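# Report on the structure
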Amino acid sequence: MYDNPKHIKDNRINARFDDMEIEDIVLVARLAGVQKSTLVRQATLKLIEELKKDFELEVNLLTEAG
């Protein structure tokens, strides 16, 4: 079924949103033509990549300064 068993998505994280936040999620998910969970997963992974780059930059700057 999966070429690589590590790609099986069986780790779950729950998150809670207020009414305004969920309305925005529903709206953007509809516009993108995806399910809410897919939108939140994609957005989370994109943010994580950006944060990792920011942290790498900070570590590099600290290393150079030190």
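Preceding block: the structure.
Our subject in this report is the structure included herewith.

## Notes on the overall build of the chain
When its secondary structure is counted, the chain shows 2 helices and 0 strands. Taken against the 2.2 N^0.38 rule, which gives 11 Å for 66 residues, the C-alpha radius of gyration of the chain at 17 Å runs more than 25% over that of a compact globule. Carbon and sulfur atoms form 56% of the exposed surface of the chain, whose accessible area is close to 6700 Å². Both charge centroids of the chain, one from 10 positive and one from 13 negative side chains, sit 9 Å from each other.

## Side note on a negative patch on the surface
A cluster of acidic side chains, namely Asp18, Asp19, Glu21, Glu23 and Asp24, defines a negative patch on the protein surface. Mapped onto the elements, aspartate 24 comes out in helix α1 (residues 19-32). For aspartate 24, a relative accessible area of 49% translates into the label partly exposed.

## Details of the pattern of salt bridges
A full pass over the atoms with the stated rule returns 1 salt bridge. Put simply, lysine 52 and glutamate 49 hold a salt bridge, and the shortest N to O gap is 3.3 Å. A residue pair is termed a helical-turn pair when its members lie 3 or 4 positions apart in one helix, as lysine 52 and glutamate 49 do in helix α2 (residues 36-65) at 3 residues. The class of glutamate 49 is partly exposed, set by a relative accessible area of 41%.

Cut-offs and rules
Residues numbered from 1 in each chain as written. Predicted model: local features only at pLDDT ≥ 70, side-chain atom pairs only at ≥ 80, totals over all residues. Heavy atoms only, no water. Helix = DSSP H or I, 4+ residues; strand = E, 2+ residues; numbered from the N terminus. Rg over C-alpha atoms; globule rule 2.2 N^0.38 Å. Areas by Shrake-Rupley, 256 points an atom, 1.4 Å probe, with all protein chains shown as cover. Lys, Arg positive; Asp, Glu negative; His and termini not counted. Charge placed at Lys NZ, Arg CZ, Asp CG, Glu CD. Patch = residues over 30% accessible without salt bridge, like charges linked within 9 Å, V, L, I, M, F, W, Y side chains within 5 Å. Salt bridge = Lys/Arg side-chain N within 4 Å of Asp/Glu carboxyl O. Buried < 20%, exposed > 50% of the residue type's maximum accessible area, 1.4 Å probe, protein only.

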